[in-house]
Amino acid sequence: MCEASLCDNHLIVHSKSPEHVLCDPTTSLEDRKCSVHKKILEYYCTEDSSCICMSCRVDGEHRGHQVETLEEASEKKKKKLRNVLQKLMTEREETEKRVKSLQERRRKVQGKADDETKRVTDLFRDLRRRLEDLEKRVLRDISGWAERVSCPMLDYIRDLEIKKEELSRKMRDIEELCNMTDPLTVLQESDTGDLWDTEDGDDEDRERHENLLHDGGDVVG
């Protein structure tokens, strides 16, 4: 193995010699020498998994060990690496397939979720519209019921207010008569006949009052 770096012209001469072992150029030739014997590394000890020189093999600590040339060991290692590379490539392809299948599944799930979201959104929008319509109708019915029940009450309240004023007038007239000291004046007082009629229409008013208190039915029919 030549330790000199050669140009193309000189490399041709060395490449034709069987005694010369050429290798790729390296920045440090010391890395290719045995650290113990300072000789070129030529063999690979399979028992210790280390590169050795001729002296290591013949006289050194690797004597009697199973060894191979660097080229043989390198080719074996390359073969193992190629097998590993092929397995890694196969595993990567399987991984890519899994990624694609999961991405496709995720797209389908998202698409279904979007469809369901739209369906539910439309459903609740329709329910809200129906509830709003129902609310308006019920409020309309309540308002109508209140007006239907209240109107007769208002009419009757007006009648009762008139009656109350009439009763108050009669009370004042009676009180005036009771306060008179002249018997003749009391007895001769004109238009006192209506003062005795205090129960006119009382039964009718009572019945009308009871009907209005209990009539009206349910708020929403």
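What comes next is a walk through the structure. (Residues numbered from 1 in each chain as written. Predicted model: local features only at pLDDT ≥ 70, side-chain atom pairs only at ≥ 80, totals over all residues. Heavy atoms only, no water.)

Some details on the overall build of the protein chain
Note the following rule: Helix and strand definitions follow DSSP, with helices as H or I runs of at least four residues and strands as E runs of at least two, each counted in order from the N terminus. Between buried and exposed lies partly exposed: a residue is buried under 20% and exposed over 50% of the maximum accessible area for its type, with that area taken using a 1.4 Å probe on protein chains only. By definition, residues are in contact when any of their heavy atoms lie within 4.5 Å. To be clear on the numbers: accessible area is Shrake-Rupley with a 1.4 Å probe, and residue cover counts the displayed protein chains and nothing else.
The number of helices and strands found in the protein chain is 6 helices and 3 strands. When its helices and strands are written in sequence order, the protein chain yields α-β-β-α-β-α-α-α-α. Scored against the burial criterion, the 221 residues of the protein chain give a buried share of 11%. Within the protein chain, residue pairs in contact and separated by at least 24 positions form 38% of the contacts whose partners lie at least 6 positions apart. Put simply, the protein chain shows about 18700 Å² of open surface, and 53% of that area lies on carbon and sulfur atoms.

Overview of the packing of aromatic side chains
Stated precisely, the cut-off is as follows: Note on aromatic pairs: the rings of Phe, Tyr and Trp (six-membered ring only in Trp) are paired at centre separations within 6.5 Å, and the planes decide the class, stacked below 30 degrees, edge-to-face beyond 60, tilted for the rest. Any Lys NZ or Arg CZ found within 6 Å of a ring centre and within 35 degrees of that ring's normal is scored as a charge over the ring.
Inspection of every chain in the model, using the stated rule, returns 0 aromatic pairs. When the ring centre of Tyr 43 is taken as origin, the NZ or CZ atom of Arg 57, which lies over that ring, is 4.7 Å away.

Quick word on the sheet that holds strand S2 (residues 50-52)
The strands making up a sheet associate through backbone hydrogen bonding, with each pair oriented either parallel or antiparallel. How we decide: Strand pairing follows a simple DSSP-based rule, namely that at least 2 bridges must link the two strands. Axis angles are defined between N-to-C directions and span 0 to 180 degrees, where every axis is a line fitted to C-alpha atoms and, for a helix, only to the segment in contact.
Strand order in the open sheet formed by 3 strands is S2-S1-S3, with antiparallel pairing between adjacent strands. Edge positions in the open sheet fall to S2 and strand S3 (67-69), since each of these has one partner strand only. Between one strand axis and the next, the sheet turns through 35 degrees on average, direction left out of account. Here 3 bridges tie strand S1 (residues 43-45) to S3, and the two strands are oriented antiparallel to one another. Bridge pairing links Tyr 43 to Thr 69 in S3.

What about the pattern of salt bridges?
To keep it simple, the criterion reads: By convention in these notes, a salt bridge is any Lys or Arg side-chain nitrogen within 4 Å of a carboxyl oxygen on Asp or Glu.
For the coordinates displayed, the defined rule picks out 15 salt bridges. Residue Arg 137 pairs with Asp 141 through a salt bridge whose shortest N-O separation is 3.5 Å. Of the two residues, Arg 137 and Asp 141 both sit in helix H3 (residues 70-179), 4 residues apart, roughly one turn of that helix. On the basis of relative accessible area, Arg 137 is assigned to the partly exposed category, the value being 41%.

Concerning the packing of H3 against helix H6 (residues 202-214)
Selection rule: Reported orientations rely on four angle classes, namely roughly parallel under 35 degrees, roughly antiparallel over 145, roughly perpendicular from 65 to 115, and oblique for the rest. Helix crossings get a hand from a simple test, with the near helix turned counterclockwise from the far one by less than a right angle marking a left-handed crossing and a clockwise turn marking a right-handed one. Ten residues, namely Ala, Val, Leu, Ile, Met, Phe, Trp, Tyr, Cys and Pro, are considered nonpolar, four, namely Asp, Glu, Lys and Arg, are considered charged, and the remaining ones, Gly among them, are considered polar.
Where H3 meets H6, the closest approach of the two axes is 11 Å, and the angle between their N-to-C directions is 150 degrees. In terms of orientation, H3 and H6 fall into the roughly antiparallel class. Between H3 and H6 lies a crossing of left-handed hand. Here Pro 152, Met 153, Asp 155, Tyr 156, Asp 159 and Lys 163 of H3 lie close against H6, whose contacting residues are Asp 202, Asp 205, Arg 208, His 209 and Leu 212. The class makeup of the residues in the contact of H3 with H6 is 4 nonpolar, 1 polar and 6 charged.

Examining the nonpolar core
Most often, soluble globular proteins have nonpolar side chains that are buried together. Selection rule: The set of buried Ala, Val, Leu, Ile, Met, Phe, Trp, Tyr and Cys residues whose side-chain atoms join them within 4.5 Å is what this entry labels a nonpolar core.
By size, the foremost hydrophobic cluster in this structure holds 8 residues: Cys 34, Leu 41, Tyr 43, Cys 45, Ile 52, Cys 53, Cys 56 and Val 67. Not counting chain neighbours up to four residues away, the residues in contact with Ile 52 comprise Leu 41, Glu 42, Tyr 43, Cys 45, Arg 57, His 62 and Val 67.

Brief notes about H3
Inclusion rule: One axis is fitted to the seven residues ending at the residue and one to the seven starting there. The bend at that residue is the angle between these axes.
Taking the largest bend as the criterion, H3 deviates by roughly 25 degrees, centred on Ser 150, and proline Pro 152 comes between one and four positions later. Every buried residue belonging to H3 is among Ala 73, Val 149, Tyr 156, Lys 170 and Leu 177, and all of these are buried.

Some remarks on unusual backbone geometry
Its identity as a non-glycine residue notwithstanding, Lys 38 has a phi of 60 degrees, on the positive side. Even without a glycine there, the phi angle at Ser 49 is positive, about 50 degrees. With respect to the helices and strands, Ser 49 occurs in the loop between S1 and S2.

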